[in-house]
Amino acid sequence: MRVVRVAALCALLAAAAAQPDTEDLPPVDELVQQLVSGELTPKQVVLMTPNMPPGYLNDVKHSLPDELKQQIVELVHGMAAETEPEPEPEPQPEPEEQTGEDDEEEDYTDDSDLEEEEDGAAEQSADLQAAEEPAAAPGGEQPPQYPGPVLRASAVETTGGSAGLRADPIGDSGSGSSGGSSSVSEGGVVPGVGSSTPLDNTSAAKKLLEFSKIEKKACQARFNDAFNFYTKDPTGGPSKVTSEAGYMKVWREFAGNATQYDLSGIDRTDLMAVFMLLRHAGPAALSDSQLSELSTAITNLETKFATPRVCDFYDSSKCDLQLYRDIRVKLAASTDRDELKHYWLAWRGAVGRDAAPHYQKYVNLLNIAAKSKDPDSDGSALLLYPYRHGNVGSIVSLLEELWEEHISPVYEQLHSYARLRLRQRYGVDAVPEEGPIPAHLFGSLEADDWSALEPLLRPFDNASSVDFHRQCNSRNIAVGRLKREAGSCYSDLGLIEPSTTELAMSELDVADTNSGSVLFLPRVLDGCHTESRTSLAVYPTNTTLSDYVELIELFATMQRFRERYYSLAADNIGFPYKDRIGYNDYGLELAIGGARALSAISPEGLKQKLSFQLPDTSEQAALNFRMAEALKLLPRLAASMAAVRWQSEVLSGSVPLDQYNNKWWELKREYQGVSPPESRGTEQFDALADGTLTLPNYHIRRLIGGIVMFSVHKHHCTMYGDSAKPLSECAIFDDTKLGESIKSVLVSGNSKPFKDQLLAVTGERDLSAAALVERMQPLTEWVMAYNEEHGGEGGGVSENTEMIAIIVGVVIAIIVIGLIIFFVVARRKQKYQDYKGAPTREGQAAQHA
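All figures in this text were calculated on a predicted structure; none of them were measured in a lab.

Colleague: Please clarify how the overall build of the protein chain should be interpreted in this entry.
Modeller: Looking only at helices and strands, one finds 31 helices and eight strands in the protein chain. Counting the 849 residues in the protein chain, one finds 55% classified as buried. Partitioning the contacts of the protein chain with sequence separation of at least 6, the portion at a separation of at least 24 is 79%. By element, 51% of the accessible surface of the protein chain is carried by carbon and sulfur atoms, the whole surface being about 36,800 Å².

Colleague: For this particular structure, what's the right way to read the environment of A281?
Modeller: Its place among the elements puts A281 in the loop between α9 (269-279) and α10 (288-306). Owing to a relative accessible area of 1%, A281 belongs among the buried residues under this scheme. On a C-alpha basis, the gap between A281 and A255 in space is 5.5 Å, while along the polypeptide they are 26 residues apart.

Colleague: What exactly am I supposed to notice about the nonpolar core here?
Modeller: For soluble globular proteins, the rule of thumb is that nonpolar side chains tend to be buried together. In this structure, F275, Y359, F468, W646 and F685 are the most contacted members of the largest nonpolar core, which totals 174 residues. Ranked by residue count, the leading element in this core is helix α24 (residues 619-651), at 18 residues. Not counting residues up to four positions away in its chain, the partners in contact with F685 are G352, A355, A356, Y359, W646, Y660, N661 and L693. Counting 14 residues, the second largest nonpolar core, distinct from the first, contains V28, L31, V45 and L68.

Colleague: Please explain the state of the cysteines as it appears in this structure.
Modeller: What is meant by a disulfide is a covalent connection between two cysteines, made through their sulfur atoms. One pass over the structure, following the stated rule, counts two disulfides. In this model C311 forms its disulfide with C319; the gap between the sulfur atoms is 1.9 Å. Taking the torsion about the S-S bond as the criterion, the C311 to C319 disulfide, at about 95°, is right-handed. Paired by a disulfide, C717 and C730 hold their sulfur atoms 2.0 Å apart. Since a negative S-S torsion denotes a left-handed disulfide, the C717-C730 link at about -100° is left-handed.

Colleague: Would you mind showing me how to read the packing of aromatic side chains here?
Modeller: Each aromatic ring pair is characterised by the separation of its centres together with the angle its planes make. Taken as a whole and judged by the stated rule, the model has 25 aromatic pairs. Ring centres 5.4 Å apart and planes at 35° place the aromatic pair Y359 and Y362 in the tilted group. Separated by three residues within a single helix, Y359 and Y362 lie in helix α13 (residues 356-371), roughly one turn from each other. The residues Y359 and Y362 share a single accessibility class, namely buried. Where W403 meets Y411, the ring centres are 5.8 Å apart and the plane angle is 50°; that geometry is what we call tilted. Of the residues examined, W403 reaches a relative accessible area of 1% and is grouped as buried. Judged by relative accessible area, Y411 falls into the buried class, the value being 0%. One aromatic cluster in this structure is built from Y359, Y362, W646, Y660, W664 and F685. Positioned above the aromatic ring of W344, the side-chain terminus of R348 is 3.8 Å from the ring centre.

Colleague: Would you mind showing me how to read the pattern of salt bridges here?
Modeller: Should the charged atoms of two oppositely charged side chains come close, the side chains can pair. As enumerated under the stated definition, the model contains 32 salt bridges in all. For R252, the salt bridge identified is with D288, shortest N-O distance 2.9 Å. Of this pair, R252 sits in helix α8 (residues 237-258) while D288 is found in helix α10, placing the two residues 36 residues apart along the sequence. A salt bridge links D449 to K632; the nearest nitrogen and oxygen atoms lie 3.3 Å apart. Here the residue D449 occupies a position in the loop between β5 (437-438) and α16 (454-457), and K632 occupies one in helix α24, the gap between them amounting to 183 residues. Classification of D449 by relative accessible area gives buried; the value is 12%.

Colleague: Got a minute to help me understand helix α29 (residues 770-790) in this structure?
Modeller: Owing to its 3.6 residues per turn, the α-helix aligns residues three or four sequence positions apart on the same side. Between its first and last C-alpha, α29 extends 28 Å over 21 residues, near the 30 Å set by a 1.5 Å rise per residue. The largest bend in α29 amounts to roughly 55° and is located at Q777, with the proline P778 lying one to four residues further along. For α29, the complete set of buried residues consists of A771, L772, R775, M776, L779, T780, W782, V783, Y786 and N787. Of the surrounding secondary structure, the elements contacted by the buried residues of α29 are α15 (395-426), α22 (588-600), α24 and α26 (698-720). Where α29 terminates, the next one or two residues include G791, which has phi positive at roughly 85°.

Colleague: How do you make sense of the packing of helix α7 (residues 201-231) against α8 when you look at a structure like this?
Modeller: Working note: a packed helix pair is described by the angle between its axes plus the distance between those axes. As a packed pair, α7 and α8 sit with axes 9 Å apart at the nearest point and diverge in direction by 155°. If you check the angle between α7 and α8, you find them roughly antiparallel. In the crossing of α7 with α8, the sense of the turn from one axis to the other is left-handed. Counting all contacts with α7, which are made through F211, I214, E215, A218, C219, A221, R222, D225, A226, F229 and Y230, the residues of α8 involved are G237, S239, K240, S243, E244, Y247, V250, F254 and N257. The residue makeup of the contact of α7 with α8, split by class, is 11 nonpolar, four polar and five charged.

Colleague: Got a minute to help me understand the environment of I742 in this structure?
Modeller: Mapped onto the fold, I742 is located in helix α27 (residues 736-748). Judged by relative accessible area, which is 2%, I742 ranks as buried. Distance in space between the C-alpha atoms of I742 and H716 is 9.7 Å, their sequence separation being 26 residues. When near neighbours in sequence (up to four residues on either side) are disregarded, I742 contacts L493, L495, I592, R596 and H716.

Colleague: Would you take a moment to explain unusual backbone geometry for this structure?
Modeller: Glycine aside, negative phi is the norm for most residues, and most peptide bonds take the trans geometry. Even without being glycine, D354 reaches a positive phi, approximately 60°. Residue placement: D354 occurs in the loop between α12 (337-351) and α13. Accessibility expressed as a relative area gives 55% for D354, which makes it exposed. Positioned with a positive phi, A447 is a non-glycine residue whose angle comes to about 55°. Inspection of the secondary structure puts A447 in the loop between β5 and α16. Using a relative accessible area of 0% as the deciding quantity, one classes A447 as buried.

Colleague: What should I look at first to understand the environment of A771 in this one?
Modeller: Within the secondary structure, A771 sits in helix α29. Through-space distance from the C-alpha of A771 to that of I707 is 8.4 Å; in sequence the pair is 64 residues apart. Setting aside residues up to four positions removed in sequence, A771 forms contacts with F710, S711 and K714.

Calculation notes
- Residues numbered from 1 in each chain as written.
- Predicted model: local features only at pLDDT ≥ 70, side-chain atom pairs only at ≥ 80, totals over all residues.
- Heavy atoms only, no water.
- Helix = DSSP H or I, 4+ residues; strand = E, 2+ residues; numbered from the N terminus.
- Buried < 20%, exposed > 50% of the residue type's maximum accessible area, 1.4 Å probe, protein only.
- Contact = heavy atoms within 4.5 Å.
- Areas by Shrake-Rupley, 256 points an atom, 1.4 Å probe, with all protein chains shown as cover.
- Core = buried A, V, L, I, M, F, W, Y, C linked by side-chain atoms within 4.5 Å.
- Disulfide = S-S within 2.5 Å.
- Phe/Tyr/Trp six-rings, centres within 6.5 Å; stacked < 30°, edge-to-face > 60°.
- Lys NZ or Arg CZ within 6 Å of the ring centre and 35° of its normal.
- Salt bridge = Lys/Arg side-chain N within 4 Å of Asp/Glu carboxyl O.
- Expected span 1.5 Å × (residues − 1).
- Bend = angle between axes of the 7 residues up to and from the residue.
- Axes fitted to C-alpha atoms, helices over the stretch in contact; angles between N-to-C directions.
- Parallel < 35°, antiparallel > 145°, perpendicular 65-115°, else oblique.
- Left-handed = near helix turned anticlockwise from the far one by under 90°.
- Nonpolar A, V, L, I, M, F, W, Y, C, P; charged D, E, K, R; others polar.

Printed below as a string of structure tokens:
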């Protein structure tokens, strides 16, 4: 059963092994323990620094008591002073004409001069983002601005650099290097021998402020074009491509300049972390033309996802149905299997047509960026970098292990239970007795949310249940009320003022669905240093439990942006790029959002926030509530696990273009236990159907958030909840101490190692699914008993079924071939016997005479 999984796991481990080593250093927490116990001295640790990866020593310092931390800082400074060669006496220069060409490294001594030069540099950088005005055609007419939905990449014309920025940024030709003063580690550029310009805390903060002012204007241009494209004008793709590519070029310059600094004098971990992120260029290491191609590929995929319209099942003349306004709602509401199949196939047919080559271009460019730093690397390193930076190791292998050992057994029981009930609804001809279940029957686009099946799968019809949509309708609760209550899950903890909650609620804009806008998943767009638009979520929502949970999770992401913005602004070091676009998110804010959602959708939370009447407190009602949670939260873990595996394998280059779709369904069967309602060809590209492919780390973050949220909720309830109540009834509101605890994690962001942040939110340093299994245990036991009683197979994902089908097919083929051979041989034997028994011509003549 596990052959396929083991082989895939070996491939993932091999891919992880291809990443740059860290010279066999122990984990940070182990080294800290050795220092504290006296097993190692500070001097021994400092002597190990030449073999340390970026940020390793600072992570160690951060975890040490102040006395040991100070000893290490002094030793590092002492070593730097001992190894610095004495300057040779400078000869008297000959009088010569001043050219002004060597002023790049000028030290600023006057703050006003610095500010003027920064503003000038920022204006130059802003010019990088503006799209060139189209040249007027003869007669003064302008050429067409947007000929169609598919864009062609062209080199982004950018000019100028900025004061203090290198003129030859790394990666400008795709090589990833601009000289011999840098080397490669952890997927990014780090200073090699000869790095100069020492920085301390003060000068480092000042330098980050310089970067931030330049980046701010570039980011605002990028944000404006992206926001316009996503919410108003899908023909704005060319402007989005230009500003996106120009923005990444500014980032590439930052990455190049960050390698020039000696960071040994910095003892603030948050400052050090920002510089480590600045050095990791990621996709920005590409050349100008490649950056344009990358942004074009992403924009074309987004357009492919957002612009299709499909026809109504009952009225073929009505062909203007959109995904979020129409199809998503119909999939959740319908119980007609033919209607479900129609929308499932029609959407994928419209979205996937001719889309795979755009994704192949995206993959190829990410691989070029990765290999420009390390020839043995691949595009998956760009996605996994946050966790390597956070000293996690192979996050994919860790998630795979958690899935196999802890989560999959729970999911498989739920899957078997769903099969039994779906067979009752749709018939034995529609749902097979074993193996994968047709994906269109689950009521969601990717079978990653089974909330629509809650009335069918509810364990006890005569006990209280969530029935969220019906209760909202009966109380006239609209989307606006759900937004307010989602925001209050944070303002009640003192994280944001109620007035700010109203502002944040207004930022959850629902674009006009008749405008043809590119409505692109629940997502947060950063507003670049502006207090009124620190973040903006674009998501058309409905009054369902699923949407309420996602609104609460969105507010957690928005809150992370706010806390990081205000924290860094208070320190006067700006708001660095990598906090914006998610390349370096751990995903723990999703775990915090999920934990807040668990409080909000508990019986007490629904009663307090939405005035739901839930009088039944029996065990049966508790199982109904737990089923509603499981149907929302467990299937998306399975879907994300399949997507992470698919993305890792495709980015490694092991999957050719014509096998993209086959690999996608192979992994969907393996992890989710679902199959397409009919055979899918290699020309299809079903991986684009949910629109997540170009969102960095989306599925890894969703996996971490979805697993850790249960540990976060348990930790919060243990520390701040009512100890007299069982964990299943815990709902925490109006606790400012909990708010302070959450704020400390959101402010730190990725400036602390992943395990330190995990310790802060869960009380444990290791990623664990124990709290998830514990919370689902009563439901799992009930489902197992039901499956045994009603003949459920207790598994349901597809490996055994596929293997059995293959074996049976081979056996049948052998039997058929054997019968054919037997028939042919028998016929020949009969002919031979007939020939031997037939009279000769002479005999025939004699007989005739």
